[in-house]
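If you want the building blocks of each chain, they are given just below.
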Amino acid sequence: MDDNDPRAYRPRVLDRDLPELLSVLPAISVEGARAVGKTRTAREHASTVHNLDDPDVLREARARPRVLLEGPKPILIDEWQRYPPSWDLVRRAVDDDFAPGRFILTGSTRPREAPTHSGAGRIVTLRMWTMTLSERWQRTAVSLRSLLSGTQPPVDTESDIALEDYVDAIAAGGFPGWQGAGDRAARLLADGYLHRIVEHDLPVAGRSVRNPAALRRWLEAYSAAVSTTASYESIRDAATAGEHDKPAKTTTTAYRDALEALWVLEPLPAWQPAGSHLSRLKRSPKHHLADTALAVRLLGATRETLLGTDAASDPQRRDQALLGPLFESLVTRDLRVYAQSCDAAVRHLRSWNDAREVDLVVVHDRGVVAVEVKLAGEASRRDTQHLRWLRDRLGPAMLDAMVVTTGRRAYRDDDGIAVVPAALLGP
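Let us look at the structure shown here. (Residues numbered from 1 in each chain as written. Predicted model: local features only at pLDDT ≥ 70, side-chain atom pairs only at ≥ 80, totals over all residues. Heavy atoms only, no water.)

This paragraph deals with the pairing of strand β10 (residues 367-373). Most of β10 is tucked away, with seven of its seven residues classed as buried. Sheet analysis places strand β9 (residues 357-364) next to β10, joined by five bridges and oriented antiparallel. Across the sheet, residue Val362 finds its bridge partner in β10, namely Val369. Each parallel crossover has a hand, and the one from β10 via helix α15 (residues 385-394) to strand β11 (residues 398-405) is right-handed. (Buried < 20%, exposed > 50% of the residue type's maximum accessible area, 1.4 Å probe, protein only. Helix = DSSP H or I, 4+ residues; strand = E, 2+ residues; numbered from the N terminus. Pairing = 2+ DSSP bridges. Right-handed = clockwise from strand over helix to strand, strands pointing away.)

This part takes up unusual backbone geometry. Here the bond from Lys73 into Pro74 is cis, since omega is -5°, no more than 30 degrees from zero. With respect to the helices and strands, Pro74 occurs in the loop between α3 (55-63) and β3 (75-78). Residue Asp354 is not a glycine yet carries a positive backbone phi of 65°. Judged by its relative accessible area of 42%, Asp354 is partly exposed.

Quick look at the pattern of salt bridges now. Applying the stated criterion to the full structure yields 31 salt bridges. Arg59 is the salt-bridge partner of Asp56, the closest N and O atoms lying 2.8 Å from each other. In this pair, Asp56 and Arg59 are both assigned in helix α3, three residues apart and thus about one turn of the helix distant. Asp56 gets classed as exposed once you look at its relative accessible area, which sits at 51%. With a shortest N-O distance of 3.4 Å, Asp95 and Arg91 are connected by a salt bridge. Remark: Arg91 and Asp95 occur in helix α4 (residues 85-96); sequence separation between them is four residues, near one turn of the helix. With a relative accessible area of 11%, Arg91 lands in the buried category. (Salt bridge = Lys/Arg side-chain N within 4 Å of Asp/Glu carboxyl O.)

Here it is, written out as C-alpha coordinates:
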(Lines give C-alpha, C1' and ligand atoms only; values in the text may rest on other atoms or scores of the structure.)
Protein backbone atom coordinates (compact mmCIF):
# COMPACT_ATOMS: atom_id res chain seq x y z
CA MET A 1 0.00 0.00 0.00
CA ASP A 2 1.33 3.45 -0.95
CA ASP A 3 0.65 6.36 1.44
CA ASN A 4 -0.47 9.58 -0.25
CA ASP A 5 1.56 12.69 0.66
CA PRO A 6 3.48 10.92 3.45
CA ARG A 7 5.00 14.16 4.78
CA ALA A 8 1.73 16.12 4.95
CA TYR A 9 0.25 16.66 8.42
CA ARG A 10 -2.23 13.96 9.27
CA PRO A 11 -4.79 14.57 11.99
CA ARG A 12 -4.04 12.76 15.22
CA VAL A 13 -6.49 11.33 17.73
CA LEU A 14 -5.29 14.04 20.11
CA ASP A 15 -6.58 16.65 17.66
CA ARG A 16 -10.10 15.56 18.63
CA ASP A 17 -9.42 15.58 22.35
CA LEU A 18 -7.50 18.84 22.79
CA PRO A 19 -10.26 21.28 21.66
CA GLU A 20 -12.83 19.53 23.86
CA LEU A 21 -10.58 19.54 26.91
CA LEU A 22 -9.26 23.08 26.38
CA SER A 23 -12.85 24.31 26.34
CA VAL A 24 -13.22 23.30 30.00
CA LEU A 25 -9.66 23.02 31.41
CA PRO A 26 -7.08 25.79 31.91
CA ALA A 27 -3.87 23.81 31.24
CA ILE A 28 -2.96 20.55 29.53
CA SER A 29 0.46 18.88 29.47
CA VAL A 30 1.14 16.63 26.46
CA GLU A 31 3.91 14.16 27.21
CA GLY A 32 5.61 11.43 25.23
CA ALA A 33 8.80 10.26 23.60
CA ARG A 34 10.81 12.58 21.40
CA ALA A 35 9.57 12.97 17.81
CA VAL A 36 6.08 11.51 18.34
CA GLY A 37 4.54 14.76 17.07
CA LYS A 38 3.70 16.62 20.28
CA THR A 39 4.89 20.04 19.09
CA ARG A 40 3.33 19.79 15.64
CA THR A 41 -0.05 18.78 17.02
CA ALA A 42 0.04 21.29 19.90
CA ARG A 43 0.78 24.11 17.43
CA GLU A 44 -2.47 23.29 15.67
CA HIS A 45 -4.30 24.42 18.82
CA ALA A 46 -2.06 27.22 20.16
CA SER A 47 -2.16 30.95 19.47
CA THR A 48 1.24 31.70 21.07
CA VAL A 49 4.31 29.45 21.03
CA HIS A 50 7.32 29.60 23.38
CA ASN A 51 9.78 26.97 22.17
CA LEU A 52 12.28 26.30 24.96
CA ASP A 53 14.37 24.14 22.60
CA ASP A 54 15.36 27.47 21.02
CA PRO A 55 18.40 28.83 22.94
CA ASP A 56 17.25 32.44 22.48
CA VAL A 57 13.77 31.70 23.85
CA LEU A 58 15.27 29.74 26.75
CA ARG A 59 17.68 32.58 27.54
CA GLU A 60 14.84 35.12 27.59
CA ALA A 61 12.69 32.86 29.79
CA ARG A 62 15.50 32.55 32.33
CA ALA A 63 16.00 36.32 32.35
CA ARG A 64 12.30 37.17 32.50
CA PRO A 65 10.23 34.06 33.36
CA ARG A 66 6.84 35.75 33.08
CA VAL A 67 7.36 36.16 29.35
CA LEU A 68 6.10 32.57 29.12
CA LEU A 69 2.69 33.73 30.34
CA GLU A 70 2.39 36.46 27.71
CA GLY A 71 0.54 36.34 24.42
CA PRO A 72 -2.86 35.30 23.06
CA LYS A 73 -4.27 32.11 24.55
CA PRO A 74 -3.80 29.18 24.36
CA ILE A 75 -0.07 29.58 25.05
CA LEU A 76 2.15 26.63 24.12
CA ILE A 77 5.29 26.15 26.24
CA ASP A 78 7.19 23.60 24.18
CA GLU A 79 9.73 21.29 25.88
CA TRP A 80 8.92 22.81 29.26
CA GLN A 81 11.39 20.53 31.04
CA ARG A 82 14.23 22.65 29.56
CA TYR A 83 13.17 25.28 32.11
CA PRO A 84 11.42 23.38 34.94
CA PRO A 85 10.24 26.54 36.79
CA SER A 86 7.85 27.06 33.83
CA TRP A 87 5.63 24.31 35.30
CA ASP A 88 5.21 26.19 38.56
CA LEU A 89 4.66 29.44 36.67
CA VAL A 90 1.71 27.86 34.87
CA ARG A 91 0.40 26.25 38.04
CA ARG A 92 0.38 29.56 39.88
CA ALA A 93 -1.22 31.34 36.91
CA VAL A 94 -4.00 28.73 36.94
CA ASP A 95 -4.42 29.16 40.70
CA ASP A 96 -5.02 32.87 40.05
CA ASP A 97 -7.37 32.31 37.09
CA PHE A 98 -8.98 28.94 36.32
CA ALA A 99 -10.38 30.13 32.97
CA PRO A 100 -10.27 27.37 30.34
CA GLY A 101 -7.98 27.16 27.33
CA ARG A 102 -4.98 29.04 28.69
CA PHE A 103 -1.92 26.76 28.42
CA ILE A 104 -0.53 23.74 26.60
CA LEU A 105 2.79 22.30 27.77
CA THR A 106 4.76 19.63 25.93
CA GLY A 107 7.62 17.54 27.29
CA SER A 108 9.86 14.66 26.21
CA THR A 109 11.36 13.70 29.54
CA ARG A 110 10.90 14.09 33.24
CA PRO A 111 13.31 16.87 34.24
CA ARG A 112 16.30 16.50 36.53
CA GLU A 113 15.03 19.51 38.52
CA ALA A 114 11.49 18.54 39.51
CA PRO A 115 8.75 21.16 39.85
CA THR A 116 7.98 22.16 43.42
CA HIS A 117 4.34 21.10 42.94
CA SER A 118 2.85 18.29 40.87
CA GLY A 119 0.15 20.51 39.36
CA ALA A 120 -2.55 18.06 40.41
CA GLY A 121 -5.95 19.66 40.01
CA ARG A 122 -4.52 22.40 37.80
CA ILE A 123 -2.63 20.77 34.92
CA VAL A 124 -4.11 17.70 33.24
CA THR A 125 -1.64 15.33 31.57
CA LEU A 126 -2.24 13.55 28.25
CA ARG A 127 0.09 11.02 26.67
CA MET A 128 1.04 11.02 23.03
CA TRP A 129 2.42 8.01 21.20
CA THR A 130 3.70 7.47 17.66
CA MET A 131 1.15 7.40 14.84
CA THR A 132 -1.52 4.71 14.95
CA LEU A 133 -2.62 2.81 11.87
CA SER A 134 -5.86 4.82 11.75
CA GLU A 135 -3.88 8.07 11.87
CA ARG A 136 -1.50 6.87 9.19
CA TRP A 137 -4.06 5.34 6.84
CA GLN A 138 -7.05 7.53 7.79
CA ARG A 139 -9.60 4.72 7.86
CA THR A 140 -11.68 3.65 10.85
CA ALA A 141 -14.64 1.29 10.69
CA VAL A 142 -14.69 -0.26 14.17
CA SER A 143 -14.64 2.14 17.08
CA LEU A 144 -13.24 1.17 20.47
CA ARG A 145 -15.74 3.57 22.01
CA SER A 146 -18.59 1.57 20.48
CA LEU A 147 -17.15 -1.68 21.87
CA LEU A 148 -16.92 -0.09 25.32
CA SER A 149 -20.62 0.79 25.13
CA GLY A 150 -21.51 -2.83 25.89
CA THR A 151 -24.04 -2.98 23.04
CA GLN A 152 -21.86 -5.35 20.97
CA PRO A 153 -22.30 -3.36 17.74
CA PRO A 154 -22.06 -5.09 14.36
CA VAL A 155 -18.59 -5.00 12.79
CA ASP A 156 -19.31 -6.29 9.30
CA THR A 157 -16.87 -4.48 6.99
CA GLU A 158 -13.71 -5.09 4.94
CA SER A 159 -10.15 -3.79 4.66
CA ASP A 160 -7.83 -3.62 1.66
CA ILE A 161 -4.69 -3.87 3.83
CA ALA A 162 -2.50 -6.94 3.34
CA LEU A 163 0.03 -8.61 5.63
CA GLU A 164 2.86 -6.92 3.73
CA ASP A 165 1.38 -3.52 4.59
CA TYR A 166 1.39 -4.34 8.29
CA VAL A 167 5.02 -5.45 8.06
CA ASP A 168 5.86 -2.17 6.32
CA ALA A 169 4.14 -0.28 9.15
CA ILE A 170 6.06 -2.25 11.77
CA ALA A 171 9.43 -1.72 10.09
CA ALA A 172 8.90 1.92 9.06
CA GLY A 173 7.46 2.94 12.42
CA GLY A 174 4.96 5.58 13.40
CA PHE A 175 7.19 8.61 13.98
CA PRO A 176 5.48 11.34 11.89
CA GLY A 177 8.72 12.73 10.47
CA TRP A 178 9.81 9.31 9.25
CA GLN A 179 6.79 8.69 7.04
CA GLY A 180 7.75 8.15 3.43
CA ALA A 181 11.44 7.61 4.15
CA GLY A 182 13.11 4.84 2.19
CA ASP A 183 14.62 1.77 3.82
CA ARG A 184 18.13 3.21 4.14
CA ALA A 185 16.88 6.55 5.44
CA ALA A 186 14.66 4.77 7.97
CA ARG A 187 17.63 2.79 9.28
CA LEU A 188 19.71 5.96 9.62
CA LEU A 189 16.85 7.76 11.36
CA ALA A 190 16.48 4.94 13.88
CA ASP A 191 20.24 4.85 14.51
CA GLY A 192 20.28 8.62 14.99
CA TYR A 193 17.32 8.47 17.35
CA LEU A 194 18.97 5.83 19.54
CA HIS A 195 22.30 7.67 19.49
CA ARG A 196 20.62 10.93 20.58
CA ILE A 197 18.88 9.17 23.45
CA VAL A 198 22.20 7.90 24.83
CA GLU A 199 24.46 10.85 24.02
CA HIS A 200 22.07 13.76 24.60
CA ASP A 201 18.67 13.09 26.13
CA LEU A 202 19.81 10.91 29.03
CA PRO A 203 22.55 13.37 30.11
CA VAL A 204 20.13 16.32 29.81
CA ALA A 205 17.79 14.43 32.12
CA GLY A 206 20.67 13.97 34.57
CA ARG A 207 21.24 10.30 33.75
CA SER A 208 24.65 9.91 32.12
CA VAL A 209 25.62 6.56 30.58
CA ARG A 210 29.13 5.31 31.36
CA ASN A 211 28.99 2.37 28.96
CA PRO A 212 26.88 3.17 25.86
CA ALA A 213 27.76 -0.19 24.23
CA ALA A 214 26.39 -2.10 27.22
CA LEU A 215 23.20 -0.03 27.16
CA ARG A 216 22.81 -0.79 23.45
CA ARG A 217 23.18 -4.53 24.13
CA TRP A 218 20.60 -4.27 26.93
CA LEU A 219 18.19 -2.51 24.56
CA GLU A 220 18.71 -5.24 21.97
CA ALA A 221 17.85 -7.89 24.55
CA TYR A 222 14.83 -5.88 25.67
CA SER A 223 13.68 -5.64 22.04
CA ALA A 224 13.89 -9.41 21.68
CA ALA A 225 11.51 -9.65 24.67
CA VAL A 226 8.84 -7.35 23.18
CA SER A 227 5.28 -8.39 24.07
CA THR A 228 6.52 -10.86 26.69
CA THR A 229 6.75 -10.75 30.48
CA ALA A 230 10.36 -11.93 30.52
CA SER A 231 12.13 -11.06 33.77
CA TYR A 232 14.61 -8.23 33.80
CA GLU A 233 17.21 -10.73 35.00
CA SER A 234 16.72 -12.80 31.84
CA ILE A 235 17.01 -9.66 29.72
CA ARG A 236 20.26 -8.81 31.50
CA ASP A 237 21.56 -12.34 30.94
CA ALA A 238 20.66 -12.20 27.24
CA ALA A 239 22.49 -8.88 26.93
CA THR A 240 25.63 -10.34 28.48
CA ALA A 241 25.66 -13.86 27.06
CA GLY A 242 29.12 -15.43 27.43
CA GLU A 243 30.26 -12.85 29.97
CA HIS A 244 31.18 -14.01 33.46
CA ASP A 245 30.87 -10.62 35.13
CA LYS A 246 27.23 -9.61 34.86
CA PRO A 247 26.28 -5.99 35.54
CA ALA A 248 24.70 -5.38 38.92
CA LYS A 249 20.94 -5.23 39.21
CA THR A 250 21.28 -1.59 40.22
CA THR A 251 22.95 -0.87 36.88
CA THR A 252 20.28 -2.49 34.73
CA THR A 253 17.55 -1.00 36.89
CA ALA A 254 19.10 2.42 36.25
CA TYR A 255 18.97 1.73 32.48
CA ARG A 256 15.32 0.78 32.73
CA ASP A 257 14.30 3.73 34.89
CA ALA A 258 16.14 6.24 32.71
CA LEU A 259 14.63 4.91 29.48
CA GLU A 260 11.15 4.82 30.98
CA ALA A 261 11.60 8.46 32.03
CA LEU A 262 12.17 9.27 28.33
CA TRP A 263 9.22 7.06 27.30
CA VAL A 264 11.60 4.98 25.16
CA LEU A 265 10.42 1.96 27.12
CA GLU A 266 6.64 1.59 27.38
CA PRO A 267 5.98 -1.35 29.76
CA LEU A 268 2.35 -2.46 29.84
CA PRO A 269 1.14 -3.12 33.42
CA ALA A 270 -0.70 -6.27 34.37
CA TRP A 271 -4.41 -6.02 35.19
CA GLN A 272 -5.19 -6.55 38.84
CA PRO A 273 -9.01 -6.45 39.05
CA ALA A 274 -10.55 -5.76 42.43
CA GLY A 275 -13.66 -7.54 43.66
CA SER A 276 -13.80 -10.18 40.91
CA HIS A 277 -13.51 -13.96 40.85
CA LEU A 278 -10.05 -13.68 39.31
CA SER A 279 -7.11 -14.38 41.59
CA ARG A 280 -3.47 -15.41 41.50
CA LEU A 281 -2.62 -13.27 38.51
CA LYS A 282 0.90 -12.28 37.51
CA ARG A 283 1.99 -8.72 38.15
CA SER A 284 4.88 -8.56 35.69
CA PRO A 285 4.56 -5.96 32.92
CA LYS A 286 4.74 -6.74 29.22
CA HIS A 287 7.69 -5.16 27.48
CA HIS A 288 7.26 -2.59 24.71
CA LEU A 289 9.33 0.20 23.16
CA ALA A 290 8.15 3.61 22.03
CA ASP A 291 7.84 2.28 18.48
CA THR A 292 8.25 -1.02 16.66
CA ALA A 293 10.77 0.58 14.27
CA LEU A 294 13.23 0.92 17.15
CA ALA A 295 12.89 -2.77 18.02
CA VAL A 296 13.29 -3.77 14.36
CA ARG A 297 16.47 -1.71 14.04
CA LEU A 298 17.96 -2.84 17.35
CA LEU A 299 17.47 -6.46 16.30
CA GLY A 300 18.85 -5.93 12.80
CA ALA A 301 15.63 -7.18 11.22
CA THR A 302 14.25 -6.02 7.87
CA ARG A 303 10.96 -6.16 6.04
CA GLU A 304 12.30 -9.14 4.08
CA THR A 305 13.49 -11.15 7.09
CA LEU A 306 10.24 -10.48 8.95
CA LEU A 307 8.25 -11.75 5.97
CA GLY A 308 10.61 -14.67 5.41
CA THR A 309 11.67 -13.63 1.91
CA ASP A 310 15.36 -13.06 2.73
CA ALA A 311 17.89 -15.62 1.58
CA ALA A 312 19.70 -15.77 4.94
CA SER A 313 18.20 -18.72 6.80
CA ASP A 314 18.99 -18.24 10.51
CA PRO A 315 18.08 -14.53 10.81
CA GLN A 316 15.03 -15.22 8.69
CA ARG A 317 13.74 -17.89 11.07
CA ARG A 318 14.42 -15.69 14.08
CA ASP A 319 12.77 -12.62 12.58
CA GLN A 320 9.71 -14.53 11.40
CA ALA A 321 9.24 -15.61 15.02
CA LEU A 322 9.50 -11.94 16.04
CA LEU A 323 6.76 -10.78 13.68
CA GLY A 324 3.91 -11.93 15.93
CA PRO A 325 5.22 -10.11 19.04
CA LEU A 326 5.97 -7.00 16.97
CA PHE A 327 2.44 -7.02 15.56
CA GLU A 328 1.07 -7.30 19.09
CA SER A 329 3.26 -4.34 20.10
CA LEU A 330 1.85 -2.34 17.18
CA VAL A 331 -1.73 -3.12 18.23
CA THR A 332 -0.90 -2.34 21.87
CA ARG A 333 0.31 1.13 20.88
CA ASP A 334 -2.85 1.75 18.85
CA LEU A 335 -5.16 0.61 21.64
CA ARG A 336 -3.37 2.81 24.18
CA VAL A 337 -4.07 5.84 21.98
CA TYR A 338 -7.72 4.91 21.42
CA ALA A 339 -8.27 3.98 25.06
CA GLN A 340 -6.98 7.33 26.33
CA SER A 341 -9.47 9.08 24.06
CA CYS A 342 -12.21 6.96 25.67
CA ASP A 343 -11.01 7.63 29.26
CA ALA A 344 -9.87 4.02 29.52
CA ALA A 345 -6.56 2.24 30.10
CA VAL A 346 -4.87 -0.81 28.57
CA ARG A 347 -3.50 -3.70 30.62
CA HIS A 348 -2.70 -7.40 30.10
CA LEU A 349 -3.78 -10.51 31.98
CA ARG A 350 -1.80 -13.66 32.72
CA SER A 351 -2.47 -16.29 35.38
CA TRP A 352 0.31 -17.23 37.80
CA ASN A 353 0.88 -20.60 36.09
CA ASP A 354 0.57 -19.22 32.53
CA ALA A 355 -2.47 -21.44 31.93
CA ARG A 356 -4.61 -18.42 31.03
CA GLU A 357 -3.59 -15.28 29.15
CA VAL A 358 -5.44 -12.41 27.53
CA ASP A 359 -3.13 -10.24 25.43
CA LEU A 360 -4.81 -6.91 26.20
CA VAL A 361 -7.58 -5.73 28.50
CA VAL A 362 -9.11 -2.29 27.92
CA VAL A 363 -10.28 -1.16 31.35
CA HIS A 364 -13.09 1.40 31.70
CA ASP A 365 -15.28 2.46 34.62
CA ARG A 366 -18.19 0.53 33.06
CA GLY A 367 -16.27 -2.68 32.47
CA VAL A 368 -13.65 -4.17 30.17
CA VAL A 369 -13.07 -5.12 26.56
CA ALA A 370 -10.80 -8.16 26.30
CA VAL A 371 -8.52 -8.42 23.26
CA GLU A 372 -6.44 -11.15 21.66
CA VAL A 373 -3.93 -10.28 18.92
CA LYS A 374 -3.33 -12.82 16.18
CA LEU A 375 -0.97 -12.64 13.20
CA ALA A 376 -3.58 -14.32 11.02
CA GLY A 377 -6.46 -13.44 8.74
CA GLU A 378 -9.13 -15.33 10.65
CA ALA A 379 -9.75 -16.36 14.26
CA SER A 380 -10.44 -19.96 15.23
CA ARG A 381 -12.36 -21.08 18.30
CA ARG A 382 -9.03 -22.04 19.83
CA ASP A 383 -7.89 -18.43 19.39
CA THR A 384 -10.86 -17.20 21.43
CA GLN A 385 -10.78 -19.76 24.26
CA HIS A 386 -9.27 -17.37 26.82
CA LEU A 387 -11.71 -14.63 25.86
CA ARG A 388 -14.62 -16.99 26.48
CA TRP A 389 -13.03 -18.11 29.76
CA LEU A 390 -12.76 -14.50 30.93
CA ARG A 391 -16.33 -13.72 29.85
CA ASP A 392 -17.60 -16.65 31.91
CA ARG A 393 -15.90 -15.22 35.00
CA LEU A 394 -16.66 -11.53 34.55
CA GLY A 395 -20.22 -11.77 33.28
CA PRO A 396 -21.75 -8.35 32.47
CA ALA A 397 -18.51 -6.60 33.49
CA MET A 398 -17.03 -7.84 30.21
CA LEU A 399 -18.50 -5.35 27.78
CA ASP A 400 -17.11 -6.98 24.64
CA ALA A 401 -14.38 -9.23 23.30
CA MET A 402 -12.27 -8.88 20.18
CA VAL A 403 -9.55 -10.61 18.19
CA VAL A 404 -7.35 -8.19 16.22
CA THR A 405 -5.96 -9.75 13.04
CA THR A 406 -4.06 -9.02 9.82
CA GLY A 407 -7.03 -10.22 7.77
CA ARG A 408 -9.29 -8.35 5.36
CA ARG A 409 -12.72 -8.89 6.93
CA ALA A 410 -14.29 -7.67 10.18
CA TYR A 411 -17.11 -9.84 11.55
CA ARG A 412 -18.51 -11.44 14.70
CA ASP A 413 -18.03 -15.17 15.15
CA ASP A 414 -20.65 -17.63 16.39
CA ASP A 415 -19.79 -16.73 20.01
CA GLY A 416 -20.36 -13.04 19.38
CA ILE A 417 -16.65 -12.17 19.54
CA ALA A 418 -15.57 -9.38 17.18
CA VAL A 419 -12.82 -10.27 14.72
CA VAL A 420 -11.29 -7.01 13.47
CA PRO A 421 -8.37 -6.24 11.14
CA ALA A 422 -5.98 -3.86 12.91
CA ALA A 423 -6.29 -1.35 10.05
CA LEU A 424 -10.02 -0.92 10.71
CA LEU A 425 -9.74 -0.24 14.42
CA GLY A 426 -9.99 3.32 15.73
CA PRO A 427 -11.04 5.41 18.72
